[in-house]
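Structure assessment
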Amino acid sequence: TFSAGPVMNHEPLLGIPYARLLHRKLTAMRKLGLNRISALGGLANTAVTPYWPNPAVLRAAQFTPQRSIDSVLHDTAQRFVGDTHAAALVDAWDRFEEALSWQPPVPLFTGFGFCWQRTFDRPYVPDIEAIPEAERAYYERLGCFQHNNPGINDLGKDVLFDLVPQAYGALATQRFDRNVFPRLARLLRDLAKLQAKTAGTPAVQAVFTDLLDRARAYRAWCGSLRTVCAWCAHVHGYLNSPSAAARRRHERQLQDAIDFELANTADLIALLEGASTEVMALSATANNTFFYGENLPALLREKIRLMKKYRHHRPRVDRDILWRPIPGSQWPKFD
């Protein structure tokens, strides 16, 4: 069993390209003599990802392993956009993959927990439990949040696991800012230019529009992961700081992270409501622990409302949450 991409998966996103990495993994496993493998992670719905290069790589590694990845990608791009724009499309795939390769992993969140931690639609505020239970219920009832799970009020923990310690949260935030977002910004700018340049050939323009929308979705995904890391860095930084000056610094940086996530969420709403590309798996039936529903934009607006309403509370985490009794009961008294 192997992870198809650079992290376990990019749920709930669809059509994220990492063709060269996938080819290297499959080639390495072939050289090891493995002949039965299964991929962990990566939601596949090829009916809505018509310009995704990964399936071509899977076919080539399986049936024509002697072909170079350069040849596979060029022929795939040529089939999508013709010879004139094939090199530009391969370059865009490569640059997308390069940004992916710099993305810091965020334990559980980039494993199988992005949706069940409600990473897109939960509000990021200094004291999560300052939000009344009734207002948190829209996301909390759907996530993996038992009544005494630290994940309710601490983004860095889940049951008995430490997911994102303060130091790693600070390091990962810096690495998102230094290594991921600048690359994505350049990619988005150049894809927008290619989209405009190919306006006279709608079939070609559709390919670059598709990739542009998926890059926007990936940026929003990374943005919320970056906010998780910044929250862990600055909420715990505040709680663990002995000096008032250090606590004020962490509060300011946390407010900056909240501003960042508000803008990131607004961009995601605009993408979901304005783009024709199906960039993520959404359920037409309902929200559940593993999928967002098609009402995700409405949930994101509720997240924004709560973040604005509760953003100025002091950072707080109930560190004794593991000992909370089930609602309606109490711990027995001992002498």
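Just above sits the structure.
Structural notes, computed from the coordinates. (Residues numbered from 1 in each chain as written. Predicted model: local features only at pLDDT ≥ 70, side-chain atom pairs only at ≥ 80, totals over all residues. Heavy atoms only, no water.)

**As for helix H2 (residues 54-63)**
- Residues Asn54, Pro55, Ala56, Val57, Ala60 and Ala61 constitute the buried set of H2.
- As for H2, its buried residues are in contact with helix H1 (19-31) and helix H3 (69-102). (Buried < 20%, exposed > 50% of the residue type's maximum accessible area, 1.4 Å probe, protein only. Helix = DSSP H or I, 4+ residues; strand = E, 2+ residues; numbered from the N terminus. Contact = heavy atoms within 4.5 Å.)

**Some thoughts on the packing of H1 against H2**
- Closest axis-to-axis distance for the H1/H2 pair is 9 Å, and the angle between their directions is 20°. In terms of orientation, H1 lies roughly parallel with respect to H2. Classified by chirality, the crossing of H2 by H1 is right-handed. Residue-level contacts link Ala19, Leu22, His23, Leu26 and Arg30 of H1 to Asn54, Val57, Leu58, Ala61 and Gln62 of H2. (Axes fitted to C-alpha atoms, helices over the stretch in contact; angles between N-to-C directions. Parallel < 35°, antiparallel > 145°, perpendicular 65-115°, else oblique. Left-handed = near helix turned anticlockwise from the far one by under 90°.)

**As for helix H5 (residues 133-140)**
- Buried within H5 are the following residues: Glu135, Arg136, Tyr138, Tyr139 and Glu140.
- Summarising the contacts, the buried residues of H5 are in contact with helix H9 (296-310).

**Section: the packing of helix H7 (residues 202-240) against helix H8 (residues 244-274)**
- Where H7 contacts H8, the two axes come as close as 9 Å, and the packing angle between them is 160°. Here H8 runs roughly antiparallel to H7, going by the angle between their axes. Seen along the crossing, H7 lies across H8 with a hand that is left-handed.
- Here the contact of H7 with H8 is built from residues that sort into 13 nonpolar, eight polar and eight charged. (Nonpolar A, V, L, I, M, F, W, Y, C, P; charged D, E, K, R; others polar.)

**Observations concerning a nonpolar patch on the surface**
- Residues Val159, Leu160, Phe161, Leu322, Trp323 and Trp331 make up a contiguous nonpolar surface patch of about 710 Å² in total accessible area.
- Counting through the fold element by element, Leu322 comes out in the segment after H9.
- Of the residues examined, Leu322 reaches a relative accessible area of 36% and is grouped as partly exposed. (Patch = residues over 30% accessible without salt bridge, like charges linked within 9 Å, V, L, I, M, F, W, Y side chains within 5 Å. Areas by Shrake-Rupley, 256 points an atom, 1.4 Å probe, with all protein chains shown as cover. Salt bridge = Lys/Arg side-chain N within 4 Å of Asp/Glu carboxyl O.)

**Re the nonpolar core**
- Among the nonpolar cores identified, the biggest contains 92 residues, and Leu89, Phe120, Leu191, Tyr218 and Trp221 are the most heavily contacted of them.
- At the level of elements, H1, H2, H3, H5, helix H6 (166-197), H7, H8 and H9 are the ones that each hand at least two residues to this core.
- At 17 residues, the largest contribution of residues to this core is made by H7.
- In contact with Tyr218, not counting residues within four places along its chain, are His10, Leu13, Ile16, Phe96, Ala99, Leu100, Gln103 and Leu184. (Core = buried A, V, L, I, M, F, W, Y, C linked by side-chain atoms within 4.5 Å.)

**A closer look at the environment of Pro107**
- Checked against the element boundaries, Pro107 lands in the loop between H3 and helix H4 (109-113).
- A sequence separation of 104 residues divides Pro107 from Ser3, and the C-alpha atoms of the two residues are 14 Å apart.
- Ignoring sequence-local partners within four residues, the contact set of Pro107 consists of Leu163 and Tyr168.

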